[in-house]
Amino acid sequence: MKRSVTIVIFVALAATLFGGPGINPAADPHHPIYDDFDRWLAQGVITEEPAFRPYPQDVIERLLRQVERRGSRSEAARAGRYLEALSARDAADIWAYGGVHSDTEDVAVRAGAGFDLNFELFERFDLNGTWGAFATEEATEEFLPTSKRDTLDILDDNAKISAGGRDIYTLMAVESAVSYVGEKGYVQAGIMRRSFGPLHEDSPVVSDDANQAGGVVVGFDFGKIDYTASLFSLSATQSFATAATDERGTLLDFNDDQTPDLLALENAELVPGKLMYLQRFGVQLFPWAHFSFFEAAITGPRVEMAYLVPFKLMWHAQGTAAYADNSFMGLTLDLRPAPRWRIPMVAYVDDANFNDIAALSLDTKIKAAASGAIQFAPEPEAIDMLSLQYDAVLPYMYTHASQNPYVPEPNYLDYLHQDQNLGSGLLPNSDRLTARANLRLPGEVTLGLFGAVLRHANASEGVIDQYINDGGYTDAGRGGEFEYFDADGDGDDPDELIWNGGRLTFQEDLRFLTQENIEQTYQAGFEVGLERRVGSIDAALAASYTFERVTNPISYVWTAGQTDGGGGRTVTGEDQTNHLIEIHVTLRY
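Thresholds applied
Residues numbered from 1 in each chain as written. Predicted model: local features only at pLDDT ≥ 70, side-chain atom pairs only at ≥ 80, totals over all residues. Heavy atoms only, no water. Helix = DSSP H or I, 4+ residues; strand = E, 2+ residues; numbered from the N terminus. Buried < 20%, exposed > 50% of the residue type's maximum accessible area, 1.4 Å probe, protein only. Pairing = 2+ DSSP bridges. Phe/Tyr/Trp six-rings, centres within 6.5 Å; stacked < 30°, edge-to-face > 60°. Expected span 1.5 Å × (residues − 1). Contact = heavy atoms within 4.5 Å. Salt bridge = Lys/Arg side-chain N within 4 Å of Asp/Glu carboxyl O. Axes fitted to C-alpha atoms, helices over the stretch in contact; angles between N-to-C directions. Left-handed = near helix turned anticlockwise from the far one by under 90°. Nonpolar A, V, L, I, M, F, W, Y, C, P; charged D, E, K, R; others polar. Patch = residues over 30% accessible without salt bridge, like charges linked within 9 Å, V, L, I, M, F, W, Y side chains within 5 Å. Areas by Shrake-Rupley, 256 points an atom, 1.4 Å probe, with all protein chains shown as cover. Lys, Arg positive; Asp, Glu negative; His and termini not counted. Charge placed at Lys NZ, Arg CZ, Asp CG, Glu CD. Polar contact = N/O pair within 3.5 Å; in protein donor to acceptor, adjacent residues only side chain to side chain. Parallel < 35°, antiparallel > 145°, perpendicular 65-115°, else oblique.

### Section: the environment of isoleucine 383
Checked against the element boundaries, isoleucine 383 lands in strand β16 (residues 383-393). Given the relative accessible area of 27%, isoleucine 383 is considered partly exposed. Spatially, the C-alpha atom of isoleucine 383 lies 6.2 Å from that of asparagine 438, the residues being 55 residues apart in sequence.

What follows is the structure in structure tokens.
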């Protein structure tokens, strides 16, 4: 990113009452109402929530009525304003949008128009959504802070217009949800982003920053026991390609030093047929403690009927299907140890050496991710929330090796959707500590102050530092080597090269941030927002600034033919300083 400081002004015209385009509380987990739900959970005004956000509209209204009954005067008034806005059912609103992301030297421009819909089709049966068309530059990601991802759901397409030396893509963006809410549960189907609780911001399970996906969520609440089941449709990714292979995947073309001509695909091909099944069993242990056990399985390109059976153990169901898929399990614990205090935690495990862990030896294979936070919603209520959160992604989490990484075939078993991680934005072998203060100033001005420290290293460095082990989502920590053999049996020099893939789970010790080269990132900044009603127009101003300092930035370079044994290695670059700015003005009529 560029590092010189200039001033950039970003002006946006958008739809939706409380934020940018596509924000609908029943179809988008980024709606500001969910920040309020986090505060109300910390206050104890509401004591339960569904596993997934966004909530169906009837669930949102039910929780808001609890806040009206149990919250303070100001909180009840805020809930009332939300209820008033949500009560405008059978409504369609038109919107327009324009904006810029910037690193203070270069910019990425967006513009769009569309409409929102909120209809009660039948009693307790709602349709919510946002439909839009956008003109955008694809460079937006490079103007975001480390570990952050674009939150606007724009469908990739090749339609583009060249103007002023820039390529402007004309794309569609849709968020849609259909839901039915009964006395004991709900069903919600649609194409949207989702987040899995109790820690929803960049959840390690399903992150609100991950790409949207089509799917169905079914939730039941039996009082002290709850159950959630879900099925999501994903896209698999072809991550690598070789110069040429035969039908068996045998490498045919080689470089001068007889290593394969491996190409990392910048725009990986997406392939349909990948599915994710996720279920959660929850128990309200005490009024101040909720516990859950959850499981997930990723498979493709087939539908596995065993995963559709309700109230099963996913790992057991995988066993009935010959252990052909990638399964996960996890635990959540949501504590409220004192008034206005909340401690939510989640741990998510892909694979681990059970024998070593049972012997209390933790320096072993553990593919996992975890998050935990301490949240405080104090009085006076000028301070909405104070929080301290820690996130960790252990080596090789979210990855899954195919049988031969050098064959250009889709990977249906890793944790990627549309070439992006479904969980946390942190790379494997990373952690992050974030402090945040959300303030409410006079005149309904909101101010968020934040600071974060991030660390990342290539878990394969110095251990299996060869070939494609770059420390990212395609590096599953697999050891292996190329073997030559005499394919035609004529007694001449070996004329065929085959990848001996070694073991699928190479890792035998933890290696969590123990490498020589560790990249560290320091972030600090603010977010400010202001809402006003001008005549029949609802207006909102929002701005954000992030200062980012990256020290010892690491990258992976291909060194075949330059070093003994070929392969690649981790290198470090110059320290970086980034200034990232985003300013919005939003209007809705």
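From this point, the narrative continues.
### Some points on unusual backbone geometry
Residue proline 198 is reached from glycine 197 by a cis peptide bond, and omega for that bond is 10 degrees. Summarising the element assignment, proline 198 is placed in the loop between β8 (195-196) and β9 (213-221). Between glycine 300 and the following residue, proline 301, the backbone shows a cis peptide bond with an omega angle of 0 degrees. Mapped onto the elements of the fold, proline 301 is located in the loop between β12 (289-299) and α4 (314-320). Here arginine 124, not a glycine, exhibits a phi torsion of approximately 70 degrees, which is positive. Inspection of the secondary structure puts arginine 124 in the loop between β3 (107-122) and β4 (125-136).

### Considerations on the pairing of β12
Taking burial as the measure, the 11 residues of β12 include nine buried ones, the bulk of the element. As paired elements, β12 and strand β13 (residues 326-335) share 10 bridges and run antiparallel to each other. Paired with glutamate 295 across the strands is methionine 329, a residue of β13.

### Remarks on the packing of aromatic side chains
One pass over the full model with this rule turns up 23 aromatic pairs. Here the aromatic rings of phenylalanine 37 and tryptophan 40 are separated by 5.5 Å at their centres, their planes lie at 80 degrees, and the arrangement is edge-to-face. On the criterion of helical spacing, the pair formed by phenylalanine 37 and tryptophan 40 is a turn pair, its members being three residues apart in helix α1 (residues 33-43). Taking 5.3 Å as the distance between ring centres and 70 degrees as the angle between the ring planes, the aromatic pair formed by phenylalanine 52 and phenylalanine 196 counts as edge-to-face. Linking phenylalanine 52 in strand β1 (residues 52-53) with phenylalanine 196 in strand β8, this pair joins segments that are 144 residues apart in sequence. Of the residues examined, phenylalanine 196 reaches a relative accessible area of 1% and is grouped as buried. Every member of this aromatic cluster is reached through a ring pair, and the members are Phe52, Phe196, Phe232, Phe294, Phe328, Tyr348, Tyr398 and Tyr415.

### Considering helix α3 (residues 73-86)
In a regular helix each residue adds 1.5 Å, so 14 residues correspond to 20 Å; α3 covers 20 Å between its end C-alpha atoms and thus fits that length. The inward-facing, buried residues of α3 contact α1, α2 (57-70) and β19 (430-441).

### Re the pattern of salt bridges
A full pass over the atoms with the stated rule returns 26 salt bridges. One salt bridge in this structure joins glutamate 201 and lysine 148, with 3.9 Å as the shortest N-O distance. Of the two residues, glutamate 201 sits in the loop between β8 and β9 while lysine 148 sits in the loop between β4 and β5 (160-163), which places them 53 residues apart along the sequence. When its relative accessible area of 41% is taken as the criterion, glutamate 201 is described as partly exposed. Judged by relative accessible area, which is 32%, lysine 148 ranks as partly exposed.

### Quick look at the environment of leucine 270
With respect to the helices, strands and loops of the structure, leucine 270 is situated in strand β11 (residues 262-286). Classification of leucine 270 as partly exposed rests on a relative accessible area of 42%. Taking the C-alpha atoms as reference, leucine 270 lies 8.0 Å from proline 410; in sequence the two are 140 residues apart. If we ignore the near neighbours within four places in the chain, the residues touching leucine 270 are Ser235, Ala236, Thr237, Gln418 and Asp419.

### Digging into the packing of α1 against α3
For the pair α1 and α3, interaxial distance at closest approach is 12 Å and the crossing angle is 145 degrees. Of the two elements, α1 crosses α3, and the hand of that crossing is left-handed. Contacts between α1 and α3 involve Ile33, Asp36, Arg39, Trp40 and Gln43 on the former and, on the latter, Glu75, Arg78, Ala79 and Tyr82. Of the residues belonging to the contact of α1 with α3, the class tally is four nonpolar, one polar and four charged.

### Thoughts on a positive patch on the surface
Among the surface-exposed residues, Arg62, Arg65, Arg69 and Arg70 lie close enough to one another that they form a single positively charged patch. Mapped onto the elements of the fold, arginine 65 is located in helix α2. By relative accessible area, which is 37% here, arginine 65 ends up partly exposed.

### Looking at the side chain of glutamine 523
Structurally, glutamine 523 is set in strand β23 (residues 519-534). Using a relative accessible area of 8% as the deciding quantity, one classes glutamine 523 as buried. Of the polar contacts made by the side chain of glutamine 523, one reaches the side chain of glutamate 548; its length is 2.8 Å. Residues contacting glutamine 523, with those up to four places away along its chain left out, are Pro145, Thr146, Phe450, Gly451, Ala452, Leu454, Thr546, Phe547 and Glu548.

### Examining the packing of α1 against α2
Relative orientation of the contacting elements α1 and α2 amounts to 50 degrees, with a least axis distance of 12 Å. One way to sum up the angle between α1 and α2 is to call them oblique. The two elements α1 and α2 meet at a crossing, and its hand is left-handed. Mapping the contact onto sequence places Ile33, Tyr34, Phe37 and Trp40 in α1 and Ile60, Leu63, Leu64 and Val67 in α2. Residues of the contact of α1 with α2, tallied by class, amount to eight nonpolar, no polar and no charged.

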